[in-house]
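Each chain is listed here by its residues.
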Amino acid sequence: MASLWDDLDNLVNTPTSFTAKVGDRGTIKPKANFDAGEDVVALRKAIEGLGTTEKTLIDILTRRSSAQKELICKAYQEATGRALVKDLKGDTHGDFEDLMVALVTPPAVYDCHEVTRAMKGVGTKDSVLIEIFASRSNQQIKALSDAYLDETEKKLTLDLKKEVSGDFSKALLLLAEGSRDESTTVDPAKAREDAKTLYNAGEKKWGTDESKFVDILCHRSVPQLRQTLVEYKNISGKTLQESIEGEMSGELEEMLVAIVKCVKNIPAYMAERLHESMKGGGTDEATLNRIMVSRSEIDLLDIRAEFKKLYSSSLHSSIEISRAAMATA
């Protein structure tokens, strides 16, 4: 695994999922000759008949783009006077219900719901917050925040502030502002300067100045950070990820490592998260569903390729093995 994250060759010029257009590298594409009314008829038959026809739900909801599914939801409401999401909740159960509901929820609203769930209950699920805020673009984070405001009439950053603390809180709140520099121009001198600042704040001194890491990693543009990662290795002899893992611990370490991994390669980061969700006794269905659904129109093709590269088995077969293990458990 280390070899993947240690490889900085051609990093600066490699495409990034932060700027990927919806549909470019996703597995779900808009359906040609799409007819929302036709889909509504099929969905009603599947839901209103004796016993829900799961195959129809899967065939339609996994083969339409988010924009098309929004039109289906609107047409369903007009035809039945009911919300499709409510009918799905009433007619499906368990993990399948969660997946169907996720598929008909607009991406920003889905992210909003996942963040809300992570903040609810006993103990905040920091890993979910880290995954979402480290991997989303400014535009996605702003859309998430707008959805949160619409649903709760509260500002997301104010509610997050109540749930987290310390330097981890500072990093998370900076990302949740959605104000990372979006410049595509790289300043090599600034990258060298930032690399030296990070080296002096960590490897070179007794004790670590975490605030410098938070400031640089949460503010600089992705292209600028990629150049900084290269410069850091030139100065330190180690990757920045190795330094963070050696100098820090807990949620802050997890957050900063996630940012570095996403700056390098979001699909590989997501492939790792998927693999972790299927390891050991029982699958973490929430993580599996969240990544498969949220990346399905963005870069799931690339995630599949990175998964195969990392684990020498296809994502599809790994999910099937995981499901079979759960069925026999």
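Predicted model, so just to flag it, every value in this text is computed and none were measured. (Residues numbered from 1 in each chain as written. Predicted model: local features only at pLDDT ≥ 70, side-chain atom pairs only at ≥ 80, totals over all residues. Heavy atoms only, no water.)

### Considering the packing of aromatic side chains
How two aromatic rings sit relative to each other is set out by the distance from centre to centre and by the angle between their planes.
Thought 1: Per the counting criterion, the structure on display carries two aromatic pairs.
Thought 2: Ring geometry for Tyr 199 against Tyr 232: centres 6.5 Å apart, planes inclined by 70°, an arrangement best described as edge-to-face. In this pair, Tyr 199 is assigned in helix α12 (residues 188-201) and Tyr 232 in helix α14 (residues 222-236), connecting sequence segments 33 residues apart.
Thought 3: Look at Tyr 199 and you get partly exposed, because its relative accessible area is 24%.
Thought 4: Taking the centre distance of 5.0 Å and the plane angle of 55° together, the rings of Phe 307 and Tyr 311 count as tilted. With Phe 307 and Tyr 311 both in helix α18 (residues 300-311) and four residues apart, this pair spans about one turn of that helix. Tyr 311 matches Phe 307 in its accessibility class, with the two residues each being buried. (Phe/Tyr/Trp six-rings, centres within 6.5 Å; stacked < 30°, edge-to-face > 60°. Helix = DSSP H or I, 4+ residues; strand = E, 2+ residues; numbered from the N terminus. Buried < 20%, exposed > 50% of the residue type's maximum accessible area, 1.4 Å probe, protein only.)

### Structural notes on the pattern of salt bridges
Thought 1: For the structure shown, the criterion picks out 23 salt bridges.
Thought 2: Taking the shortest distance from any N to any O, the salt bridge between Lys 190 and Asp 194 comes out at 3.9 Å. Of the two residues, Lys 190 and Asp 194 both sit in helix α12, four residues apart, roughly one turn of that helix.
Thought 3: The exposure class assigned to Lys 190 is partly exposed, which follows from its relative accessible area of 28%.
Thought 4: Three or more residues are tied together by salt bridges with common partners; here these are Glu 114, Arg 117, Glu 131, Arg 273 and Arg 290. (Salt bridge = Lys/Arg side-chain N within 4 Å of Asp/Glu carboxyl O.)

### Let's talk about the environment of Arg 323
Thought 1: Mapped onto the fold, Arg 323 is located in helix α19 (residues 315-328).
Thought 2: Once the C-alpha coordinates of Arg 323 and Leu 274 are considered, the two residues, 49 residues apart in sequence, prove to be 13 Å apart.
Thought 3: What Arg 323 contacts, discounting residues up to four positions off in sequence, is Glu 285 and Leu 288. (Contact = heavy atoms within 4.5 Å.)

### Some remarks on unusual backbone geometry
Thought 1: Residues other than glycine seldom take positive phi values, yet Asn 33 does so here, at roughly 55°.
Thought 2: Inspection of the secondary structure assignment puts Asn 33 in the loop between α1 (2-6) and α2 (36-48).
Thought 3: Given a relative accessible area of 74%, Asn 33 falls into the exposed group.

### With respect to the environment of Val 85
Thought 1: Here Val 85 is to be found in helix α5 (residues 84-91).
Thought 2: Look at Val 85 and you get partly exposed, because its relative accessible area is 26%.
Thought 3: Expressed as a C-alpha distance, the spacing of Val 85 and Glu 97, which sit 12 residues apart in the sequence, is 9.7 Å.
Thought 4: Apart from the residues lying within four places of it in its own chain, the contact partners of Val 85 are Val 101 and Val 104.

### Points about the nonpolar core
Thought 1: Judged by nonpolar contacts, the single largest core of 66 residues is most densely connected at Phe 133, Leu 160, Leu 240, Ile 244 and Ile 259.
Thought 2: Tallying contributions element by element places helix α16 (residues 250-277) first for this core, with 15 residues.
Thought 3: Apart from the residues lying within four places of it in its own chain, the contact partners of Phe 133 are Val 115, Ile 141, Leu 144, Leu 156, Leu 160, Leu 172, Leu 175 and Ala 176. (Core = buried A, V, L, I, M, F, W, Y, C linked by side-chain atoms within 4.5 Å.)

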